[in-house]
Amino acid sequence: MSAPAHRVLPGFGLALGYTLVYLSLLILLPLGGMILKASDLGFAQIIEIASGERALAAFRVTFLASLLAASINALFGLIVAWILVRYPFPGKRLVDALVDLPFALPTAVAGITLATLYAGNGWLGSHLEPLGLKVAYTPLGIVVALTFVTLPFVVRTVQPVIEDIETEVEEAAASLGASRWQTFSRIIFPALFPALLTGFALAFARALGEFGSVIFIAGNLPLISEIVPLLIISKLEQYDVLGATALAVVMLAISFLLLLAINALQWWTANRHKNVEPLEAAAAQAKGAQA
Amino acid sequence: MIRSRRLSLLLLAFATSAALADVTLLNASYDVARDVYKDYNPMFQKYWKAKTGESVEIKQSHGGSSKQVRAVADGLEADVVTMNQANDIEFLADKGLVAKDWTKKFPNNASPYTSAMVFIVRKGNPKGIKDWSDLAAPGTQIIVPHPKNTGNGRNTYLSAWAWALRQPGGSDKTAQEFVGKLLKNAPLFAAGGRDATTTFMQRRLGDVLITFESEAEMIAKEFGKGEFEVIYPSLTMQTEFPVAIVEKVVDKKNSRKQAQAYLDYLWSAEGQENAAQNYLRPRDAELLKKYAAYFPPVKTFTVDEVFGSANKAFATHFKDGGTFDQIYVAK
């Protein structure tokens, strides 16, 4: 038996026990109950419920819109985070606080506000519709609502990582002859990528389950702009709790697989760069550029 | 020890605050019933105090009708339910919480007041909308809440269906075709009744909004009378607002007497007048005459007359695979 390693905080056993109980109560218990409920239905029945034409269309809309919203936020969230960390400008703290507002706002309020803004006579809609771009009451409206609601995820996960990348690293890369693009693509981006993926995954997961903001702007037309959470409500409206659970379980299974894939990708990229310090990477990069 | 004593003190505080009134009643109600019961509850409290010397505290719980009913089924201790759809109370009857013959426990199918589905059109009625057939005409846009997920939308759907059924040569087949044509004119399905109103009045989308007659007065208050006109179609649904006692809860809380009186009082002169003042059609014929300016005569049908029962109508039209789904998913 080796001597127990010295830890900063004592009580590993207690903490682990607490973690397990806490996670079980909060996550495993409700999810388990849901799956147990769904197991009243056979696997074949669950598939049948989830593969009706209306359900399939809703799954398609939900996943595509969520993916699109998370992608938009991955790109623009990164830019926002970069600017918030790297550039001083007046009102920066205010802008920084603004980023969290979509979290604080009740989602129904967000949905109604966005619908009013993008409707044919709204401030934005009245300019977009003459261009042939209808946002409110179309699938595009769903993407807008989801992008709004999930904005904070990417910004808040990427921000601390950018803060950790010292500007000296970029200077070193530059002094070793790396171009601006090389510095970004070989030095900065690899360091950011795992955090960016986490932000993307969080935004994506949140978008999948979003209901309140979407129903007010989606239009909710069958086969066109119905989302899965709306179909679940529709089942509950029929007192069909089993059917609702079936849809929820399928949704959960697909989301879990996707999140697992994103996590695996993240783990892989994080490991690839694990042993290479940014400065050494810069040096290696510069050597490569000279050769 | 100290902590548990503190906890029991806290619980005691809760208990005594509830005990200040002799009895507390909880009324689980649908969403837009707020105004009706806000005025009604003090009226009943005064009446009950004068009659028995007992003070009653009345708590209100509001929410989507079917959500409320599910909460009651899951243990929300409501003494009475006051809903806007019969099939919601039917659900509680199936669960054994409400008497099987609840519609017979009070007069008028246990619905103290009614409303009707009407059309709201823009000022001057530019599209000349008069009846259901105009709603299915090409180029007309209708605004209606989701027919599958909202009571308001379902009432609209069934009204259009019943109208088509009553036309010369009308059958379920022609009715389904007609409703299909009508729904094609909906650019969106609003999330709920109030959302549909906002979409029509504020975002100015669509040519006609189909909603409760009682909602028209709310719109007048909110957006001004000069903005719109109310059109009464040749036939429309008389919507009921059924009430029931939750047997299990009143037995447990020993509050049957008060709950019964609370609902009975809805049919009193004062209760009926309150309904009329909230733009709901009173059952009392005299009062209906008194408020004739608000309630012009309109030919109505009830769900029971045309569709057998609320439950049957729901099963045929709004369950998965029902006529609504058939209109969208051709199979």
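What you are looking at is a predicted structure, and each value in this text was computed from that prediction instead of being measured. (Residues numbered from 1 in each chain as written. Chains lettered and ligands numbered in written order. Predicted model: local features only at pLDDT ≥ 70, side-chain atom pairs only at ≥ 80, totals over all residues.)

Notes on the nonpolar core
Judged by nonpolar contacts, the single largest core of 153 residues is most densely connected at Ile142, Ala145, Ile217 and Leu247 of chain A together with Val80, Val81 and Val246 of chain B. For this core, the leading source of residues is helix 8 (residues 139–164) of chain A, giving 12 residues. In this structure, this core is formed jointly by two domains, domain 1 (2–112 + 241–267) and domain 2 (114–239 + 299–328) of chain B, each of which donates at least three residues. Those residues within four positions of Val246 of chain B in sequence are excluded, and the remaining contacts are Val72, Ala78, Asp79, Val80, Val81, Leu92, Leu97 and Val98 of chain B. (Core = buried A, V, L, I, M, F, W, Y, C linked by C-beta atoms within 7 Å. Buried ≥ 20, exposed ≤ 12 C-beta atoms within 10 Å, placed from the backbone. Helix = DSSP H or I, 4+ residues; strand = E, 2+ residues; numbered from the N terminus. Domains from an automatic or database assignment. Contact = placed C-beta atoms within 7 Å.)

Quick look at the packing of helix 3 (residues 53–86) of chain A against helix 10 (residues 180–209) of chain A
All names here are of chain A. Axis separation between helix 3 and helix 10 bottoms out at 8 Å; the angle between their running directions is 145°. Pair helix 3 / helix 10 crosses with right-handed handedness. When helix 3 is examined against helix 10, the residues Thr62, Ser66, Leu67, Ala69, Ala70, Asn73, Ala74, Gly77 and Leu78 are found in contact with a partner set consisting of Leu196, Gly199, Phe200, Ala203, Phe204, Ala207 and Leu208. Of the residues assigned to the contact of helix 3 with helix 10, the class counts are 11 nonpolar, five polar and no charged. (Axes fitted to C-alpha atoms, helices over the stretch in contact; angles between N-to-C directions. Left-handed = near helix turned anticlockwise from the far one by under 90°. Nonpolar A, V, L, I, M, F, W, Y, C, P; charged D, E, K, R; others polar.)

A few points about the confidence of the model for chain B
Residues and elements named next belong to chain B. Here chain B shows a mean pLDDT of 89. Residues at 70 or above account for 93%. Across residues 9–19 the pLDDT falls below 50, and counting only partners more than four positions away or on other chains, this stretch makes one contact in the model. Among the prediction metrics, the complex's ipTM stands at 0.78, with pTM recorded as 0.84. (pLDDT = per-residue confidence, 0-100.)

Topic: the domain arrangement of chain B
All names here are of chain B. Each assigned domain of chain B is listed with its residue range as follows: domain 1 (2–112 + 241–267) and domain 2 (114–239 + 299–328). In this complex, domain 1 contributes nine residues to the contact, which on the side of domain 2 involves six residues. It is helix 4 (residues 86–94) that contributes the most residues to the side of domain 1 that touches domain 2, three residues altogether. Residue classes in the side of domain 1 that touches domain 2 are distributed as three nonpolar, five polar and one charged.

Focus: helix 7 (residues 151–165) of chain B
Given a rise of 1.5 Å per residue, 15 residues ought to cover 21 Å, and the 21 Å separating the end C-alpha atoms of helix 7 of chain B matches this to within 8%. Burial runs high along helix 7 of chain B: 14 of the 15 residues are buried. (Expected span 1.5 Å × (residues − 1).)

Some words on helix 12 (residues 256–264) of chain B
Each α-helix winds once per 3.6 residues, and so residues spaced three or four apart point in a common direction. All names here are of chain B. Residues of helix 12 that are buried include every one of Gln258, Ala259, Tyr262 and Leu263, and no others. The buried residues of helix 12 occupy an angular sector of 130° when the element is viewed end-on, so they sit on one face. Next to the buried residues of helix 12 lie strand 1 (23–30), helix 2 (34–52), strand 2 (56–63), strand 3 (80–82), strand 10 (243–245) and helix 11 (247–253). (Arc of directions from axis to C-beta.)

Some words on the environment of Asn263 of chain A
All names here are of chain A. Along the chain, Asn263 falls in helix 13 (residues 241–272). Judged by the 13 C-beta atoms lying within 10 Å of it, Asn263 is partly exposed. When the C-alpha atoms of Asn263 and Ala201 are compared, they prove to be 8.1 Å apart, with 62 residues separating the residues in sequence.

With respect to the interface of chain A and chain B
Residue-level contacts link 21 residues of chain A with 20 residues of chain B. Looking at the side of chain A that touches chain B, the elements with two or more residues in it are helix 3, helix 11 (214–218) and helix 12 (228–237) of chain A. For the side of chain A that touches chain B, the leading source of residues is helix 12 of chain A, giving three residues.

Some words on the sheet that holds strand 3 of chain B
Residues and elements named next belong to chain B. Pairing within the open sheet is mixed, and its four strands lie in the order 2-1-3-10. Of all strands in the sheet, those bounded by a partner on one side alone are strand 2 and strand 10. For this sheet, the mean inter-axis angle between neighbouring strands, taken without regard to orientation, is 20°. Both strand 1 and strand 3 contribute to a ladder of three bridges, which runs parallel. Paired with Ser29 across the two strands is Thr82, which belongs to strand 3. (Pairing = 2+ DSSP bridges.)

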